[in-house]
Amino acid sequence: MTDRMPVARIPFGTSADAARDAVRSCLDRAEPPIAEVARHLSAQTGKGLRASLLLAASSGADGQVPAAAVSAAAALEILHLATLVHDDIIDDAPTRRGQPSVQSRFGRKAAVLGGDYL
């Protein structure tokens with residue numbers, strides 16, 4: 001017989017907000033010279049579709065989501081954000097979601113470093 005530790009779970013209804021908070025928290029901890037880029041990205045909000053799908057898929061019949069799924073959803077959103085930053089560099093996009101793109105505001109080098117950091 002093995003003793004299993006209970007898995008921390010949170011309500012599905014609050015899991016998307018928890019994932020968004022985890023993304024912001026991660027970006028807020030960025031060290032210079034990435035901190036300014038991270039603050040710029042943290043101020044922008046996306047739809048969080050990928051995170052929502054992951055959370056929905058991990059939700060149990062009891063309407064609870066494992067806390068680890070919230071971390072995974074946040075990581076997925078950060079990875080997606082990195083691809084958007086790099087995509088804007090490749091496309092030389094001046095804006096992203098109606099705001100100046102990272103490369104437009106901070107330059108290509110800072111955008112590459114910021115995307116790589118993410």
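Above: the structure in question.
Being a predicted model, the structure only gives us computed values, none of them experimental.

## Looking at the nonpolar core
1) Next: Core analysis: the largest hydrophobic core is formed by 14 residues, its most contacted members being V23, L27, L41, V85, V102 and A111.
2) Next: The residues contacting A111, other than those within four sequence positions of it, are V85, I89, V102 and Q103.
3) Next: Listed in part, the seven residues of the second largest apolar core include A19, A51, L55 and A73.

## So, the pattern of salt bridges
Where side chains of opposite charge bring their charged atoms close, a pairing between them can arise.
1) Next: Taken as a whole and assessed by the stated rule, the structure comprises five salt bridges.
2) Next: Between D87 and R96 there is a salt bridge; the shortest N-O distance is 3.6 Å.
3) Next: Ionic pairing is found between D88 and R96, a salt bridge with its closest N-O pair at 2.7 Å.
4) Next: When its relative accessible area of 22% is taken as the criterion, R96 is described as partly exposed.
5) Next: Via salt bridges that share partners, D87, D88 and R96 belong to a single interconnected network.

## Some details on helix α1 (residues 12-28)
1) Next: The first and last C-alpha atoms of α1 sit 25 Å apart over 17 residues, in line with the 24 Å expected at 1.5 Å per residue.
2) Next: Listing the buried residues of α1 in full gives S15, A19, V23 and L27. Angularly, the buried residues of α1 cover 110° about the axis, an arc narrow enough to put them on a single face. Away from the buried face of α1 by more than 90 degrees, exposed residues G13 and D28 are located.

About the thresholds
Residues numbered from 1 in each chain as written. Predicted model: local features only at pLDDT ≥ 70, side-chain atom pairs only at ≥ 80, totals over all residues. Heavy atoms only, no water. Core = buried A, V, L, I, M, F, W, Y, C linked by side-chain atoms within 4.5 Å. Buried < 20%, exposed > 50% of the residue type's maximum accessible area, 1.4 Å probe, protein only. Contact = heavy atoms within 4.5 Å. Salt bridge = Lys/Arg side-chain N within 4 Å of Asp/Glu carboxyl O. Helix = DSSP H or I, 4+ residues; strand = E, 2+ residues; numbered from the N terminus. Expected span 1.5 Å × (residues − 1). Arc of directions from axis to C-beta.

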